[in-house]
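# Chains, contacts and geometry: an overview
Spelled out from the first residue to the last, the chains are:
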Amino acid sequence: MSEGEIRLCTLPPTALADVEALANPRDPFSLWISLVYRGRFSSESVTWTMGLGSASDGENSFVLDADPQVFGSGAGVTLRYERNRDVLECAENTALDKMLMPSFEVLTEILSHIDIKPGWRRHVEFKTLPDGSLYVVQGDAEPHPKAEILSNPVPLPSVPLSFLRTTHQLPWSPNIYLVKSVSDHPFDGVRVFKTSNGQSSLAKEVEFMVRFLDVEFFVPPSHIVVDDAGGLHGLLLDYHPASALRLVIHSAHPDTEPFVLPPAGVVPSDPPLPGPAIPWAVKLAWAVDIAASLAYLHAMKIFWGDLKTDNILLCTDGHCRLIDYCPGGRTDAWSAPEAEGILGLRWAATAEGDVFALGLVLWSIAVEVEDFERVPEFVCPQLSWDQETPDWFQTLVLSCIEHDPALRPSARSVYDTLTHELASLE
């Protein structure tokens, strides 16, 4: 490799069998939810606003009479309600106290007061009156599901939304599905279907990602999914059975509870780390791939902001590649201390913040921790290590999570160190 060149690692020959087994699991659908008909109401999302010790209001979105395998089928309803101070024993207070959707009987009564039709979403509010009846306010309707508009044409083939049949859903990412096409055209086999998460622009993401269709560090979209009017509903990606590194680690330690990381200098009180189940050479190869991908982004003057094990895919060829690499997102558990209190348009990703997240990713892979919580958030954590992790690797990771951003190494420097150490194993 010439000086200055960044590339995915050369997998160590001694690790090839392990890499093959991890990248191609025997039961690839075990961590996905199989989509089957579960009744008239299909819950989409449930959110609450917390007051003093209890929820003060709720918003429940669901779909009525949907075919689980036909994306966008059925009629959408978004139901809003507040804590009732006039009638204490009522449907809305019960739902808020239990943090559950209102009962089937209450939902049925609400639906009798509103106009619903397939392909549209209705916004509704309700309140229980002193006589026990429900006061229902029917708001505006909008297309369901709602499409986005691409500002510019993109060099990707399009798939009609009506061609897709959903088979599985990712439990903790409800906007991620596995799909098949009703015909061999325009694709055969299984693809990953990503829809809008309601928080960021899908159109902006697609327009960014098509700049890197031939770059080896990423899993780019293969198709866009559109409705009959050309509205954008999602994108398709190649399916890799091992899925995200978070799921790979979960598969190795399925019964492990989330790990709590205290502030630096505080002795962790959590149970011991899980014993290593993944060979060190494999984890080091993954680390090189991840650092290479981040170093490439930084060389392009692109700072991401949302590096985490959920956004790293273990591909069928054994290499790790990035997904969801459009800048703009952020996950607090993986964020640097300097990000605390900076929200919305005031927050911008930085190279130093990305390296902090890289340090946590490298630690998570090394000790095989799927999920963790920093208490409190946004402080430099005290990391626990197992006996297998070399001292040089621990030192590298700790340099990445220095409190002072100026003391953290560059992503390129991390990549160079990891590449040198991997070469020494061959």
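Every value quoted in this text rests on a predicted model; they were computed, and no experiment measured them. (Residues numbered from 1 in each chain as written. Predicted model: local features only at pLDDT ≥ 70, side-chain atom pairs only at ≥ 80, totals over all residues. Heavy atoms only, no water.)

Below, the discussion takes up the overall build of the protein. Scanning the protein from terminus to terminus reveals nine helices and 16 strands. Rg of the C-alpha trace for the protein: 24 Å, near the compact-globule value of 22 Å for 426 residues, within the 12% margin. A principal-axis box enclosing the C-alpha atoms of the protein has dimensions of 75 × 55 × 40 Å. Residues classed as buried in the protein amount to 49% of the 426 residues present. Sequence separation of 24 or more characterises 65% of the internal contacts of the protein that already satisfy a separation of 6 or more. A total accessible area of about 20,400 Å² is found for the protein, and carbon and sulfur atoms account for 53% of it. (Helix = DSSP H or I, 4+ residues; strand = E, 2+ residues; numbered from the N terminus. Rg over C-alpha atoms; globule rule 2.2 N^0.38 Å. Buried < 20%, exposed > 50% of the residue type's maximum accessible area, 1.4 Å probe, protein only. Contact = heavy atoms within 4.5 Å. Areas by Shrake-Rupley, 256 points an atom, 1.4 Å probe, with all protein chains shown as cover.)

With mixed pairing, the five strands of this open sheet are ordered in space as β2-β3-β4-β5-β6. Taken across any chain shown, the strands that pair with only one partner, and hence form the sheet edges, are β2 (41-50) and β6 (134-143). For this sheet the average axis-to-axis angle between neighbouring strands, irrespective of direction, equals 20 degrees. Bridge count for strand β3 (residues 55-64) against strand β4 (residues 75-82) is eight bridges, and the pairing is antiparallel. Bridge pairing links Ser 61 to Thr 78 in β4. The sheet contacts of helix α2 (residues 91-98) involve β2, β3, β4 and β5 (120-128), and relative to β4 the element is tilted by about 90 degrees. (Pairing = 2+ DSSP bridges. Axes fitted to C-alpha atoms, helices over the stretch in contact; angles between N-to-C directions.)

To continue, consider the packing of helix α6 (residues 280-299) against helix α9 (residues 411-425). Contact geometry of α6 with α9 gives a least axis separation of 8 Å together with a crossing angle of 150 degrees. Judged on the interaxial angle alone, α9 and α6 are roughly antiparallel. As for the relative orientation of α6 and α9, their crossing is left-handed in sense. On α9, the residues touching Trp 280, Ala 281, Leu 284, Ala 285, Ala 287, Val 288, Ala 291, Ala 292, Leu 294, Ala 295 and His 298 of α6 are Ala 411, Arg 412, Val 414, Tyr 415, Leu 418, Thr 419, Glu 421, Leu 422 and Leu 425. Taken together, the residues of the contact of α6 with α9 sort by class into 16 nonpolar, two polar and two charged. (Parallel < 35°, antiparallel > 145°, perpendicular 65-115°, else oblique. Left-handed = near helix turned anticlockwise from the far one by under 90°. Nonpolar A, V, L, I, M, F, W, Y, C, P; charged D, E, K, R; others polar.)

Under the criterion given, the structure shown has 19 aromatic pairs. Both rings, one in Phe 71 and one in Phe 193, keep their centres 5.2 Å apart while their planes meet at 80 degrees; by these two values the pair is edge-to-face. You can see Phe 71 sitting in the loop between β3 and β4 and its partner Phe 193 sitting in strand β10 (residues 191-194), a full 122 residues away along the chain. For the pair formed by Phe 71 and Phe 193, the shared burial category is buried. Taking 6.2 Å as the distance between ring centres and 55 degrees as the angle between the ring planes, the aromatic pair formed by Phe 259 and Trp 363 counts as tilted. Of this pair, Phe 259 sits in strand β13 (residues 259-261) while Trp 363 sits in helix α7 (residues 351-367), placing them 104 residues apart in sequence. Residue Trp 363 is classed as buried on the basis of its relative accessible area, which comes to 0%. Taken together, the aromatic side chains of Phe 208, Phe 212, Phe 217, Phe 218, Tyr 296 and Tyr 325 make up a single cluster linked through ring pairs. (Phe/Tyr/Trp six-rings, centres within 6.5 Å; stacked < 30°, edge-to-face > 60°.)

Before going further, it helps to examine helix α4 (residues 202-209). For α4, the buried fraction is high: six of the eight residues fall into the buried class. Regarding α4, the residues found buried are Leu 202, Ala 203, Glu 205, Val 206, Phe 208 and Met 209. Residues of α4 that are buried sit in contact with β10, β11 (221-226) and β12 (232-238). Two or three places before Ala 203, at the start of α4, stands the capping residue Ser 201, its side-chain oxygen 3.5 Å from that residue's backbone nitrogen. (Polar contact = N/O pair within 3.5 Å; in protein donor to acceptor, adjacent residues only side chain to side chain.)

The end-to-end C-alpha separation of α7 is 25 Å, in line with the 24 Å expected for 17 residues at 1.5 Å each. The buried fraction of α7 amounts to 15 of the 17 residues, a majority that puts the element mostly inside the structure. Backbone geometry just downstream of α7 places Glu 368 in the positive-phi region, at approximately 60 degrees. (Expected span 1.5 Å × (residues − 1).)

Below, the discussion takes up the environment of Pro 25. Note that Pro 25 resides in the loop between α1 (16-23) and β1 (33-34). Residue classification places Pro 25 among the partly exposed residues on the basis of a relative accessible area of 29%. Other than its neighbours up to four places away in sequence, Pro 25 contacts Pro 241 and Ala 242.

A word on the nonpolar core. If you look at the biggest cluster of nonpolar residues, it comprises 72 residues, and the most contacted ones within it are Leu 307 and Leu 418. Judged by nonpolar contacts, the second largest core, of 22 residues, contains Ala 203, Val 226, Leu 235 and Leu 237. (Core = buried A, V, L, I, M, F, W, Y, C linked by side-chain atoms within 4.5 Å.)

Attention now goes to the sheet that holds strand β7 (residues 158-160). If you trace the seven strands from one edge of the open sheet to the other, you get β1-β8-β9-β10-β12-β11-β7, paired in mixed fashion. Each edge of the sheet is formed by a strand with only one pairing partner; in this case those strands are β1 and β7. Pairing geometry for β10 and β12, over four bridges, is antiparallel. Across the sheet, residue Lys 194 finds its bridge partner in β12, namely Leu 235. Against the sheet, α4 touches β10, β11 and β12, its axis set at about 40 degrees to β12.

The next subject is the pattern of salt bridges. All chains considered together, the criterion is met by 16 salt bridges. Here Glu 59 ties to Arg 80 by a salt bridge, and the two come within 2.8 Å at their closest N and O atoms. Here Glu 59, found in strand β3, pairs with Arg 80, found in strand β4; they are 21 residues apart in sequence, far enough to count as distant. Since its relative accessible area comes to 30%, Arg 80 is described here as partly exposed. Salt bridges linked by common partners bring Lys 194, Glu 205 and Asp 324 together as one network. (Salt bridge = Lys/Arg side-chain N within 4 Å of Asp/Glu carboxyl O.)

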